[in-house]
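Remarks on the overall topology
Spelled out from the first residue to the last, the chains are:
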Number of protein chains: 2
Amino acid sequence: MRKDAEALFYTTDRRDATLAPPTLTISDDTLTDRQKDVLDAALALLVHGGDGLTMTGVARRASCSKETLYKWFGDRDGLLTATVQWQASKVRMVPVDRESLDGRTLAIALEKFGRDWLSVLTGDISVALNRLAVSHAGQEKRNLGRIVLENGPIGMSKRCKPLLEAAREAGLLRFEDSDQAFRTFFGLVVRDTQIRMLLGEQRRPTEEAIATQARRAREQFFTLYGA
Amino acid sequence: MRKDAEALFYTTDRRDATLAPPTLTISDDTLTDRQKDVLDAALALLVHGGDGLTMTGVARRASCSKETLYKWFGDRDGLLTATVQWQASKVRMVPVDRESLDGRTLAIALEKFGRDWLSVLTGDISVALNRLAVSHAGQEKRNLGRIVLENGPIGMSKRCKPLLEAAREAGLLRFEDSDQAFRTFFGLVVRDTQIRMLLGEQRRPTEEAIATQARRAREQFFTLYGA
DNA sequence: AACGCGGCGTACCGTACGGTACGGTTCGGT
DNA sequence: ACCGAACCGTACCGTACGGTACGCCGCGTT
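Residues numbered from 1 in each chain as written. Chains lettered and ligands numbered in written order. Predicted model: local features only at pLDDT ≥ 70, side-chain atom pairs only at ≥ 80, totals over all residues. Heavy atoms only, no water.

Overview of the interface of chain A and chain B
Counting residues at the interface gives 42 residues for chain A and 42 residues for chain B. Carbon and sulfur atoms supply 60% of the area that chain A and chain B bury against each other, a total of about 3,700 Å² over both sides. The interface formed by chain A and chain B holds two salt bridges in total. Between Arg183 of chain A and Asp192 of chain B there is a salt bridge, with the nearest N and O atoms lying 2.7 Å from each other. (Contact = heavy atoms within 4.5 Å. Buried area = accessible area lost by both parts, 1.4 Å probe. Salt bridge = Lys/Arg side-chain N within 4 Å of Asp/Glu carboxyl O.)

Looking at the packing of aromatic side chains
All names here are of chain A. Enumeration according to the criterion identifies 10 aromatic pairs over all chains in this entry. Between Phe175 and Tyr225, the ring centres sit 6.3 Å apart and the planes meet at 80°, which makes this aromatic pair edge-to-face. Of this pair, Phe175 sits in the loop between α8 (153–169) and α9 (178–190) while Tyr225 sits in helix α11 (residues 207–225), placing them 50 residues apart in sequence. For the residue pair Phe175 and Tyr225, the accessibility class agrees, reading buried in each case. Ring geometry for Phe185 against Phe221: centres 5.2 Å apart, planes inclined by 65°, an arrangement best described as edge-to-face. Residue Phe185 is located in helix α9, and its partner Phe221 is located in helix α11; the two are separated by 36 residues in the primary sequence. Taken as a pair, Phe185 and Phe221 share a single burial class, namely buried. (Phe/Tyr/Trp six-rings, centres within 6.5 Å; stacked < 30°, edge-to-face > 60°. Helix = DSSP H or I, 4+ residues; strand = E, 2+ residues; numbered from the N terminus. Buried < 20%, exposed > 50% of the residue type's maximum accessible area, 1.4 Å probe, protein only.)

Thoughts on the protein's contact with DNA strand D
By nearness alone, 14 residues border DNA strand D, and Thr54, Lys66, Glu67 and Arg76 of chain A together with Ser65 of chain B come closest of all. Put simply, 56% of the atoms of DNA strand D that lie within 4 Å of the protein are in sugar or phosphate. Measuring from a phosphate oxygen of DNA strand D, one finds a side-chain N or O atom of Thr54 of chain A at 2.6 Å. Between DNA strand D and Lys66 of chain A there is a distance of 2.5 Å, counted from a base oxygen to a side-chain nitrogen or oxygen. At the level of elements, α3 (66–73) of chain A together with α3 (66–73) of chain B are the ones that each hand at least two residues to the surface near DNA strand D. (Near = heavy atom within 4 Å. Polar contact = N/O pair within 3.5 Å; in protein donor to acceptor, adjacent residues only side chain to side chain.)

As far as function goes, none of this settles anything; it's purely spatial.
Right, here's the structure in full:
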């Protein structure tokens, strides 16, 4: 099925299963500008309504030929995967520096974390991407779900846990399991917001509502885990 | 497009939009046993993998003719809607009686709430249904998302809030906004469990893990809102 | 100037699936 | 015994879409 040795990503017919896909992220420079344009077109179509993201549609929108799409991305799944990875590569949260950690900086960091997270989660692109990944996960195609997971909860966890642990060592927080602590924080921040957006609830929280919620989550988290 | 006056549910071409669909739930007796069989077949296919849920597939699995499907349910969306409603009508949580409310019974009620909720959420059927609804929500079809929402977070909220308010009146809890309180409880219970399952994470929590989590959520909720 | 390559646009093919039509069968009512 | 309604099974149609093939152009190389 795959024969063109130049295809960027090999997505289909992995018969060894089980193992992680070869690449979870696209380094920003594996893509030419033209390819980025194409992926942005795909993103735009995806956001505009999950359907409509058809090979012909992408080709038309990006003013390129379907043949080029297939040459670059192999097949439809390849294009989708690349699109998700491309978006993921754009959203890089700044890591928090663990130096100069006191109650105040920790609070600020956590609250900012929550705000950023909620902003991303409720954004059109994130909603569209998560919808796509969720759909895909229901069809033995685990790729996209994996990627979104890695750039969603798991990524958030990886960036957050060191901070929590540093805070514990600094005597600011008290918990046994940093994973449990993180997940509690996640719950306090996100609550039912994401699932409601995914299920089509129209109302998107304002920036102010997000800020309020992040602050409340931070307060509650401190109540539960503060030393 | 629709012409058969006998179709159970009118799903398509509602040009008035905005308003809620005529029925959000199927009363258990609007369906004949045969129809229930058909919907169960659809559910089975849906759980087995989001694709495969094709009209021909349902017909074959339920040993009925496609014509009958169309006569009963109008079109594909009608079948899906009916399927989701049918499942929703099966999962009826017992409401908690608000009499004899003290700290202990409240704790037990909340914890059981959390356990039941997590069990449902992580079940195959719930995951499949939520995936379907999420997919649909990405395609201007707001029906399914609406129904799942109503039987998910919103339904949970409707059943939970009276309990919380009763507990507040009994002096057991302290909060301003019962909605905020509920959503916090939701967050403490669900955390990132649901989104991870939806995105295809294989590991499904054991009954024991669920019980542990429900207990922790209850404890944390009391810490935050206990009087 | 000649050539080749990468890419655009379009036409084309195969298939899967939603939806319809129709003949045959069962079954309840009269 | 007869009739009609409901329903099964299957064949059929139209379309949408994934994937392929091909002609053409623009451009860099020699």
